[in-house]
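Residue strings, one per chain:
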Amino acid sequence: MPDSTAGPRRELCADEVTVTTDTGGRPVILLPYDIIAALNTSSRRDVKDYGIEGSESRHYAASSWEARTIQTIFDALTACPDVEDSDKHSVRYGNFYGAVVAHRHWNQDTRWWANYRRDRNEWPRGNLVMLHRYPGHREHLTVYFGD
């Protein structure tokens, strides 16, 4: 399995991950724009469309930039006291169903997208999914973006 899809990318630092909630109380991840752009590209790489069953991007190895980035996001989600236990439970099992957007695309005052229609194609598609083939062994996980 190839390590990544593109050339050099910078690593996401934990202090760059902002966890907030939207007006419905659902968790939202805010990231720097360059990280969002790279995740967006990865989420649209080699997508398998299963029709009514959903779709998924190609899988990325545990050593990939995508897996390291998603692990940083998941760590921030599970550490945040404002995230509901049910959402943390899903993240611990490898699924995040909330929004992942750039800081500049989010309105903190309204707790909603600054301009959803204009910006929606710039965010990663689908959900962040991390599969643990052998729980506790990060070298055996894969990640993908799925609906």
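See above for the structure.
Description of the overall build of the chain
And step 1. Tallying secondary structure elements over the chain gives four helices and eleven strands in all.
And step 2. Each of the 147 residues in the chain was classed as buried or not, and the buried ones make up 46%.
And step 3. In the chain, once contacts between residues fewer than 6 apart in sequence are set aside, the share between residues at least 24 apart is 61%.
And step 4. Accessible area of the chain: about 8100 Å², with a carbon and sulfur share of 48%.

Section: the packing of aromatic side chains
And step 1. Applying the stated criterion across every chain, the model contains three aromatic pairs.
And step 2. Where Trp-112 meets Trp-113, the ring centres are 4.6 Å apart and the plane angle is 85°; that geometry is what we call edge-to-face.
And step 3. Judged by its relative accessible area of 35%, Trp-112 falls in the partly exposed class.
And step 4. Given the relative accessible area of 15%, Trp-113 is considered buried.
And step 5. Their ring planes at 80° and their centres at 5.4 Å tell us that Trp-113 and Tyr-116 sit as a pair that is edge-to-face.
And step 6. Of the residues examined, Tyr-116 reaches a relative accessible area of 39% and is grouped as partly exposed.
And step 7. Here the aromatic residues Trp-106, Trp-112, Trp-113 and Tyr-116 are joined through ring pairs into a cluster of three or more.

Remarks on the side chain of Thr-21
And step 1. Along the chain, Thr-21 turns up in strand 1 (residues 18-21).
And step 2. Residue Thr-21 is classed as buried on the basis of its relative accessible area, which comes to 18%.
And step 3. In contact with Thr-21, other than residues within four places in its own chain, are Arg-26, Pro-27, Val-28, Asp-82, Trp-106 and Arg-111.

A closer look at the sheet that holds strand 2 (residues 27-31)
And step 1. Reading across the sheet, the three strands line up as 1-2-7 and stay open at both edges, with mixed pairing between neighbours. Two strands bound the open sheet, and with one partner strand each, they are strand 1 and strand 7 (99-102). Each strand axis lies, on average, 30° off the axis of its neighbour in the sheet, ignoring direction.
And step 2. Here four bridges tie strand 2 to strand 7, and the two strands are oriented parallel to one another. Bridging from a neighbouring strand, Val-28 pairs with Ala-99 of strand 7.
And step 3. Packing against the sheet, helix 2 (residues 65-79) makes contact with strand 1 and strand 2, and its axis sits at approximately 130° to strand 2.

So, the environment of Lys-48
And step 1. Assignment of secondary structure puts Lys-48 in strand 3 (residues 48-49).
And step 2. Overall, Lys-48 belongs to the partly exposed group, its relative accessible area being 42%.
And step 3. With ten residues separating them along the chain, Lys-48 and Arg-58 place their C-alpha atoms 7.5 Å apart.

Quick notes on the rules
- Residues numbered from 1 in each chain as written.
- Predicted model: local features only at pLDDT ≥ 70, side-chain atom pairs only at ≥ 80, totals over all residues.
- Heavy atoms only, no water.
- Helix = DSSP H or I, 4+ residues; strand = E, 2+ residues; numbered from the N terminus.
- Buried < 20%, exposed > 50% of the residue type's maximum accessible area, 1.4 Å probe, protein only.
- Contact = heavy atoms within 4.5 Å.
- Areas by Shrake-Rupley, 256 points an atom, 1.4 Å probe, with all protein chains shown as cover.
- Phe/Tyr/Trp six-rings, centres within 6.5 Å; stacked < 30°, edge-to-face > 60°.
- Pairing = 2+ DSSP bridges.
- Axes fitted to C-alpha atoms, helices over the stretch in contact; angles between N-to-C directions.

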